[in-house]
Amino acid sequence: MLLAGLAVLLLIGAALVWVWRHRRGRRVTAAALASGGGGDGGRGTVYPRPAAPRPTRRRRTPPVWLLVGAAVVVLAGIVGTAGWTATRQVSAIDTQKQPTSGAWMGTGVTGPVGVPLRESAFEFTVYRMTCGAPGTAGAADGGAGSAGGQRCQATVGVRNVTGAHQPWHSELQRAYLPGGRWVSTDETPPGRPTSGGTSSPTRWQRAVGWCFRWCSPSTGGTRPDSWSCAAGCSRPASGCRCPDRWAGGGRTLGCVTAALAPAVLDVAQWQARRRAHQERVAVWLTPHLARRHRGERHPVADFLFTYYSHRPAQLRRWHPGAGVELRDAAVGEFGRDYRATTAGVTLDTDAVRARRGDSIGWIRSLLAATGGRAPHFGCFGMHEWAMVYRQTRDELRHNAWPLRLSAERTAAVVEERGVRCSHFDAFRFFTAPARPLNVLTPTRETQHANEQPGCLHANMDLYKWAYKLSPLVPSELVADAFDLAREIRTLDMRASPYDLAALGYPPVRVETPDGRAEYAAAQRGFAERAAVLRERLLAAVPA
């Protein structure tokens, strides 16, 4: 049908060209006859007759009506072809199938809970899913009064990984039941961004991530075995299409599906994950080990290896996390916390929890308490200044590097700004004269009550809690926390009173209004990223 339409358009264009050329040929012939025979007065031809120069004639161009007509034909062909193609693609979408079999156009990606899964524009991480007891979901929950109905909730992180705004539909998230049946979520994610409804996509800002909790209606008493997260244009059950009204056109994306059942990784899969982790951390470990071998110290890059107790060899070691079975692996290859299975090895989760239950519970309660509070961004990095307050040059912790201001001016900044530090492990390094200047007196016993999610050191400590929860959490999560801690430490020292410009760290001058604004903006960004990591840690170690 498309080829027939194009053929008709070509015939019409050819006919227009033929008409124009035919009319032009008739005009040329008529002009020649008018200037030919009868011009000699009946006396015959005078021979030889000199050739008269031909008059200069203006080159003829196609008339306007022909140009306009040809343009209309070409435009109609392009529009018709595009419309036909789009209609065929949309009509081919079957929302009653699982995403990887045609419910969304694009590439489907599957993986275990807790591992970031990325399609073309969004990265989804299903951190955990909990289901109520059978019979707890009534008609109001979508159970239609089913006696065995239950309600399930998934905690999902979503991040736009592109550099532009992207359309996204919250209602396309689904819980899949064994056998392929599915139920849609019945709640719009809270907070930001806000949804535009079932037929309008959310305008998800570039480079923004957030963590949501979606609830499914009654699953009829059957626990879902996977959770599907879709990003962009699809055709919901209502039949409406999903154009990206901000970008001016439709865009179709893939989807990701997280397996909620324990994952089984074959040899190629788990070895590839281990190799990728080791290559990633080698970028951080190699320079540190080289400096250590030379006896050099770096006040920024070495901090995470000296302040925290996790050794480089431990950071390099890969663990898949709880609930993952590794085919054809040996127990001795992973350590005493693993046990053999019929296919390979898996983490002995019960044994780890029995041995470290108190520590796990303490860390988990701290993470939950911290994440449940509103963040505060008014400290402006004064904790680093309080650590050098009224010290001599020899007393400074990093005395190989100069201060940006004089000792007196440094002390004056602390006294003028005051100190608002809630983090005990920063407060304990304050100089004795600086401690009374702090608005709080944090202690280890009050840490659960004081820790807040805007604090740089609390968010840097997510690395500590991640490796202390290992091997229950995957090593990829430990590396993610380390990566964030590296960036936080960089801001921490750039905003400190030390002058580290020679090391490539330009100062953030928090003693000025512009510097404080720069610091607070970066602090907010770190708090958002830390909130996602905190949720991932809580999900990896359920209560």
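Residues numbered from 1 in each chain as written. Predicted model: local features only at pLDDT ≥ 70, side-chain atom pairs only at ≥ 80, totals over all residues. Heavy atoms only, no water.

**A closer look at the pattern of salt bridges**
Line of reasoning, step 1. Tallied over the entire structure, the rule returns 21 salt bridges.
Line of reasoning, step 2. Across the pair arginine 291 and aspartate 302 runs a salt bridge, and its minimum N-O distance is 2.7 Å. Of this pair, arginine 291 sits in helix H3 (residues 267–294) while aspartate 302 sits in the loop between H3 and helix H4 (303–306), and the two are 11 residues apart along the sequence.
Line of reasoning, step 3. Judged by relative accessible area, aspartate 302 falls into the buried class, the value being 6%.
Line of reasoning, step 4. Ionic pairing is found between aspartate 480 and arginine 536, a salt bridge with its closest N-O pair at 2.8 Å. (Salt bridge = Lys/Arg side-chain N within 4 Å of Asp/Glu carboxyl O. Helix = DSSP H or I, 4+ residues; strand = E, 2+ residues; numbered from the N terminus. Buried < 20%, exposed > 50% of the residue type's maximum accessible area, 1.4 Å probe, protein only.)

**What about the state of the cysteines?**
Line of reasoning, step 1. Across all of its chains, the model carries zero disulfides by this definition.
Line of reasoning, step 2. Here cysteine 379 is not disulfide-linked; the sulfur of cysteine 455 is the nearest cysteine sulfur, at 6.6 Å.
Line of reasoning, step 3. Counting only cysteine sulfurs, cysteine 455 is the nearest neighbor of cysteine 421, a cysteine outside any disulfide, at a range of 5.9 Å.
Line of reasoning, step 4. A relative accessible area of 7% means that cysteine 421 is categorised as buried. (Disulfide = S-S within 2.5 Å.)

**Looking at empty space enclosed by the protein**
Line of reasoning, step 1. The full count for this structure, using the stated rule, is two cavities of 30 Å³ or more.
Line of reasoning, step 2. Empty space within the largest cavity amounts to approximately 50 Å³.
Line of reasoning, step 3. Those elements that place two or more of their residues in the lining of the largest cavity are helix H6 (349–371) and helix H12 (462–469).
Line of reasoning, step 4. Residues belonging to the lining of the largest cavity are distributed by class as follows: five nonpolar, one polar and two charged.
Line of reasoning, step 5. As for the second largest cavity, its lining consists of Gly378, Cys379, Phe380, Met382, Arg417, Gly418, Arg420, Val510 and Arg516.
Line of reasoning, step 6. Looking at the lining of the second largest cavity residue by residue, the classes come out as four nonpolar, two polar and three charged. (1 Å grid on protein atoms, 1.4 Å probe; cavity = no way out; pocket = protein on both sides within 12 Å on 5 of 7 lines; lining within 4 Å. Points joined across faces, edges and corners; volume = space filled by probe spheres on them. Nonpolar A, V, L, I, M, F, W, Y, C, P; charged D, E, K, R; others polar.)

**Considering the confidence of the model for the protein**
Line of reasoning, step 1. Predicted confidence across the protein gives a mean pLDDT of 74, with 55% of residues reaching 70 or more.
Line of reasoning, step 2. Counting interchain partners and residues more than four positions distant, the pLDDT-below-50 stretch residues 29–47 has one contact.
Line of reasoning, step 3. Below pLDDT 50 for its whole length, residues 186–221 participates in 140 contacts with residues either more than four positions away or in separate chains. (pLDDT = per-residue confidence, 0-100. Contact = heavy atoms within 4.5 Å.)

**A short note on the environment of threonine 443**
Line of reasoning, step 1. Take threonine 443: it is sitting in the loop between helix H9 (424–427) and helix H10 (447–450).
Line of reasoning, step 2. As a C-alpha pair, threonine 443 and histidine 423 span 20 residues in sequence and 8.5 Å in three-dimensional space.

**What to know about the layout of surface pockets**
Line of reasoning, step 1. Of the volumes computed, that of the largest pocket is approximately 740 Å³.
Line of reasoning, step 2. Considering the residues around the largest pocket, the lining is formed by 32 residues, among which Phe303, Thr306, Arg397, His398 and Arg489 are closest to the centre.
Line of reasoning, step 3. Elements with a contribution of two residues or more to the lining of the largest pocket: H3, H4 and H9.
Line of reasoning, step 4. Split into classes, the residues belonging to the lining of the largest pocket amount to 12 nonpolar, nine polar and 11 charged.

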